[in-house]
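For reference, the chains in residue letters:
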Amino acid sequence: SLQAQQDLGFEQSDIDDIRHLISDTDVLLLAVTVLASTLHLLFEFLTFKTEVEFWNGNTDLTGLSVRALFMDFVSQVVILLFLFES
């Protein structure tokens, strides 16, 4: 596992930081974090799958709010800019 991290470009200081993070953090907190991350990933996947199915089966924009679509677009742009900044 450590060799795989080094193959991915991790330096020894990065690996030491991960070791300290795991050894200095309560096991229950790590378990809750892993569970929350897993659930978040699952819900993101289900949301994306549902959106793709909706847009593939949609032939017109009846019932869709232009304002809602615009706000969704704006929020996605803000998230994208935040990710580019960090």
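All values reported here derive from a predicted model rather than from experimental measurement. (Residues numbered from 1 in each chain as written. Predicted model: local features only at pLDDT ≥ 70, side-chain atom pairs only at ≥ 80, totals over all residues. Heavy atoms only, no water.)

## Points about the overall build of the chain
Across its full length, the chain holds four helices and zero strands. What you see in the chain, going N to C, is helices and strands ordered as α-α-α-α. For the chain, whose C-alpha radius of gyration is 20 Å, the value lies well above the compact-globule estimate of 12 Å for 86 residues. Projected onto its principal axes, the C-alpha coordinates of the chain cover approximately 55 × 30 × 20 Å. Per-residue burial for the chain yields a buried fraction of 3% across its 86 residues. (Helix = DSSP H or I, 4+ residues; strand = E, 2+ residues; numbered from the N terminus. Rg over C-alpha atoms; globule rule 2.2 N^0.38 Å. Buried < 20%, exposed > 50% of the residue type's maximum accessible area, 1.4 Å probe, protein only.)

## A closer look at the packing of aromatic side chains
Evaluated as defined, the whole model comprises one aromatic pair. Centre to centre, the rings of F54 and W55 are 5.1 Å apart; their planes meet at 80 degrees, and the pair counts as edge-to-face. Note on F54: relative accessible area 39%, which makes it partly exposed. (Phe/Tyr/Trp six-rings, centres within 6.5 Å; stacked < 30°, edge-to-face > 60°.)

## Overview of the pattern of salt bridges
Pairing between side chains of opposite charge can happen when the charged atoms of each approach one another. Counted by the stated rule, this structure contains two salt bridges. Among the ionic pairs, R19 bridges to D16, the shortest N-O distance being 3.7 Å. In this pair, R19 and D16 both sit in helix α2 (residues 12-24), three residues apart, roughly one turn of the helix. Between E53 and K49 there is a salt bridge, with the nearest N and O atoms lying 3.9 Å from each other. In this pair, E53 and K49 are both assigned in helix α3 (residues 27-57), four residues apart and thus about one turn of the helix distant. (Salt bridge = Lys/Arg side-chain N within 4 Å of Asp/Glu carboxyl O.)

## A word on helix α4 (residues 66-85)
Under the 1.5 Å per step criterion, the end-to-end length of α4 is 29 Å for 20 residues, consistent within 8% with the ideal 28 Å. The distance from a side-chain oxygen at the start of α4 to the backbone nitrogen of R67 is 3.3 Å, and the residue carrying that oxygen is S65. (Expected span 1.5 Å × (residues − 1). Polar contact = N/O pair within 3.5 Å; in protein donor to acceptor, adjacent residues only side chain to side chain.)

## Details of the environment of A68
Counting through the fold element by element, A68 comes out in helix α4. Overall, A68 belongs to the partly exposed group, its relative accessible area being 46%. Spatially, the C-alpha atom of A68 lies 42 Å from that of F10, the residues being 58 residues apart in sequence.

## Remarks on the confidence of the model for the chain
The share of residues in the chain with pLDDT of 70 or more is 99%, and the mean pLDDT across the chain is 89. When pLDDT is averaged over each helix and strand of the chain, the minimum, 80, is found for helix α1 (residues 2-7) and the maximum, 93, for α3. (pLDDT = per-residue confidence, 0-100.)

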